[in-house]
Amino acid sequence: MVYAVWRENEMLAAYCILFPVYSVRMYDVAIIGLGCAGYTAAIYAARYKLTTLLVGELEGGTGIAAVEVGNWPGDIEITGTELMERMRKHAVSFDAVTHKVARIEKVEKEGETFLLTFQNGETAQARTVIFATGSKHRHLGVPGEEEYAGKGVSYCATCDAFFYRGKTVAVIGGGDSAVEGAAIVAQVAKKVYLIHRRDAFRAEPYWVDRVKGRPNVEFVLSTNVTKITGEQTVKAIELNTPFNGSKELSVDGVFVEIGAIPETKLAADLGCVLDDRGHLKVDSALQTTVPGVFAAGDVSGGSNHFAQFATAAGEGAIVGNSAFNYLSNRGEVAGGSMGGG
Ligand code: NAP
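Residues numbered from 1 in each chain as written. Predicted model: local features only at pLDDT ≥ 70, side-chain atom pairs only at ≥ 80, totals over all residues. Heavy atoms only, no water.

Next up on the list: the packing of aromatic side chains. Per the counting criterion, the structure on display carries 7 aromatic pairs. Between the aromatic rings of Tyr193 and Phe243, the centroid separation amounts to 5.9 Å while the plane-to-plane angle is 80°, which identifies the pairing as edge-to-face. With Tyr193 in strand S10 (residues 191-195) and Phe243 in strand S13 (residues 234-243), the pair connects residues that are 50 residues apart, well separated along the chain. The class of Tyr193 is buried, set by a relative accessible area of 12%. According to the relative accessible area criterion, Phe243 is buried, its value standing at 14%. The ring of Phe118 carries Lys100 above its face, with NZ or CZ at 5.4 Å from the centroid. (Phe/Tyr/Trp six-rings, centres within 6.5 Å; stacked < 30°, edge-to-face > 60°. Helix = DSSP H or I, 4+ residues; strand = E, 2+ residues; numbered from the N terminus. Buried < 20%, exposed > 50% of the residue type's maximum accessible area, 1.4 Å probe, protein only. Lys NZ or Arg CZ within 6 Å of the ring centre and 35° of its normal.)

Next comes the structure, spelled out in C-alpha cells:
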C-alpha cells in the first residue's frame, strides 16, 4: 500500500516535470482600468461572449470625482459616483467577466498572447489587451507643492471642498475641472480665488456662468502661481504678477486643477507608441501600434483628446468590438467580423 502511494506520487511528479501544468488562466481579453471606458469595453466584450478580465486599481476611476455630470445622455444630472456605480454593476453582471480590484505591474508579449503580472506576483494571460488606464493629475511643479500635498494642497476640489468650510482657497486652472471645482468649493468656503494663466477660460460656458458674479468668487486672470508657502499647512501663495497690489495672497488651501497626464506607462513598456500629445497612438479601430492591443478613454488619442464620459463610453464600445473582430479574424472566437471593420 505504502509502496503504491509512493509510486503514484513519483509518477505524478515525473508527469509534472515532463508536462508542466500551468494554472495561469487565459482570457480572450484583458481590460485594464475600472472607469467609464473599461466598464463599457467589458459590457461589449461580454456580449460578444469573450472571456474578459476586468482589472484596475480604483473602482470608478477619476470619473467618481465629478460631483455634477450634466452631459451624460439620458440623465439630465447625475453624480460621477452614481454613474460609475451603475456602469460597474452592468459590467460585472455578465458571467464572462472576471472583475478584480488590483494593480497590474507589467504586461508582456509572449508569442501571440500577453502575460499580465499583478502586484502580488500572480499572472494572467490574454489574447488581446485593452488599456483603459485613464490619467493622473498634472502637477504645477512649483516650490512648496509637493511639501504641502495633503497639507492644504489638493488635486481634487470636488473631493476635498468639504475641508475648507469658512476658509479662503485658491483654485488653479481654467478648464472644466477648475471651474467646476471653484463652483463646488464656493458652496462652503468663505472666499475662492480662481487663478488662471490666461484671460479666457477653456471650461464650458455652463461652468463659467456658475461662478461668474458669485460674491465669494474672484477671478485672478493672466496670472501664474510661482510658489506655495506655509508652516504646518498652507498659508499663502506667490503670484508672478501683483494682484490687488501684492504678489502674495493669503490662502488656507490650494486646489491644483490643471488637467491630466495619460497613464501610458504599462502600454509604453509593452512597446505602444505615443502620439504628439502623450496619449496612446491608435488607428480608427482604436488599436495601438502593437497588434492585439487597444486603447480607450483618457489614455487614448482617439477622440480628438476630448476627455468626456460620452467619448470614453464610445471608445469603450469600439475597443470591445475591435477586440472581437481581431480574434474572430484570426479564427480564435466563434462568429464573423461584426461592425467597425
Ligand atoms: P483641461 O481641460 O486640460 O484644462 C487644464 C487647464 O489648466 C487649462 O485651462 C490650462 O490652461 C491649465 N493649465 C495647464 N497646465 C498649466 C500649468 N502648468 N500652469 C497653469 N495652468 C495650467 O483639464 P481639466 O479641466 O482637468 O479637464 C480635463 C477633461 O475632463 C476635459 O475634457 C474636461 O471637459 C473634462 N471634465 C469635464 C467635467 C464635467 O463636465 N463635469 C468636469 C471636469 C473635467 P490653458 O487653458 O492656458 O491651456
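Further remarks concern the site of the ligand. As a matter of local geometry, the ligand sits amid 18 residues, with Asp176, Ser177, Arg198, Arg202 and Gln308 nearest to it. Note that an oxygen atom of the ligand is positioned 2.5 Å from one of the side-chain N or O atoms of Asp176. Residue Ala307 places a main-chain N or O atom 2.9 Å away from an oxygen atom belonging to the ligand. Notes on the ligand: free accessible area 910 Å², of which the protein chains cover 79%. When residues of the shell around the ligand are assigned to their parent elements, the largest contribution, 3 residues, is made by helix H5 (residues 176-185). (Near = heavy atom within 4 Å. Polar contact = N/O pair within 3.5 Å; in protein donor to acceptor, adjacent residues only side chain to side chain. Areas by Shrake-Rupley, 256 points an atom, 1.4 Å probe, with all protein chains shown as cover.)

A word on a positive patch on the surface. Among the surface-exposed residues, Arg138, Arg197, Arg198, Arg202 and Arg277 lie close enough to one another that they form a single positively charged patch. Within the secondary structure, Arg277 sits in the loop between helix H7 (265-270) and strand S17 (293-295). (Patch = residues over 30% accessible without salt bridge, like charges linked within 9 Å, V, L, I, M, F, W, Y side chains within 5 Å. Salt bridge = Lys/Arg side-chain N within 4 Å of Asp/Glu carboxyl O. Lys, Arg positive; Asp, Glu negative; His and termini not counted. Charge placed at Lys NZ, Arg CZ, Asp CG, Glu CD.)

Below, the discussion takes up the nonpolar core. Leu50, Leu54, Ile130 and Phe309 are the most contacted members of the largest nonpolar core, which totals 38 residues. Among the secondary structure elements, those contributing two or more residues to this core are strand S1 (26-32), helix H2 (36-47), helix H3 (80-92) and helix H8 (309-329). With near-sequence residues (within four places) excluded, Leu50 lies in contact with Asp28, Val29, Ala45, Ala96, Ala323, Phe324, Leu327 and Val333. Ile32, Leu53, Ala124 and Phe131 belong to the second-largest nonpolar core, a separate cluster that totals 23 residues. (Core = buried A, V, L, I, M, F, W, Y, C linked by side-chain atoms within 4.5 Å. Contact = heavy atoms within 4.5 Å.)

A full pass over the atoms with the stated rule returns 12 salt bridges. Residue Glu85 is joined to Arg88 by a salt bridge in which the shortest nitrogen-to-oxygen separation is 2.9 Å. Of the two residues, Glu85 and Arg88 both sit in helix H3, 3 residues apart, roughly one turn of that helix. A residue is classified by how much of its surface remains accessible, and Glu85, at 31% relative accessible area, is partly exposed. Between Glu332 and Arg127 there is a salt bridge; the shortest N-O distance is 3.3 Å. Of this pair, Glu332 sits in the segment after H8 while Arg127 sits in strand S6 (residues 123-131), placing them 205 residues apart in sequence. Given the relative accessible area of 31%, Glu332 is considered partly exposed. Accessibility expressed as a relative area gives 23% for Arg127, which makes it partly exposed. Taken together, the shared-partner salt bridges connect Asp28, Glu112, Arg127, Arg330 and Glu332 into one network.

For the rest of this paragraph, the subject is the pairing of S1. Among the 7 residues in S1, 6 count as buried, and that is most of the element. Two elements, S1 and S6, share 6 bridges in a ladder whose sense is parallel. Note that in S6 the partner of Tyr27 across the bridge is Ala126. Two strands pair when backbone bridges link them, and S1 and strand S2 (residues 52-56) are joined in this way by 4 bridges, in the parallel orientation. Considered in S2, the bridge of Val29 is made with Thr52. Handedness of the crossover joining S1 and S2 through H2 is recorded here as right-handed. (Pairing = 2+ DSSP bridges. Right-handed = clockwise from strand over helix to strand, strands pointing away.)

The next thing to look at is H2. The terminal C-alpha atoms of H2, which comprises 12 residues, lie 17 Å apart, in line with the 16 Å expected from a rise of 1.5 Å per residue. Counting buried positions over the 12 residues of H2 gives 10, a clear majority of the element. Listed as buried for H2 are Cys36, Ala37, Gly38, Tyr39, Thr40, Ala41, Ala42, Ile43, Ala45 and Ala46. (Expected span 1.5 Å × (residues − 1).)

Along its sequence, the protein is organised into domain 1 (26-136 + 260-329) and domain 2 (153-256). Centre-to-centre, using C-alpha coordinates, domain 1 lies 33 Å away from domain 2. The interface is formed by 6 residues belonging to domain 1 together with 10 residues belonging to domain 2. Both faces combined, the contact of domain 1 with domain 2 buries some 490 Å², and carbon together with sulfur accounts for 41% of it. (Domains from an automatic or database assignment. Buried area = accessible area lost by both parts, 1.4 Å probe.)

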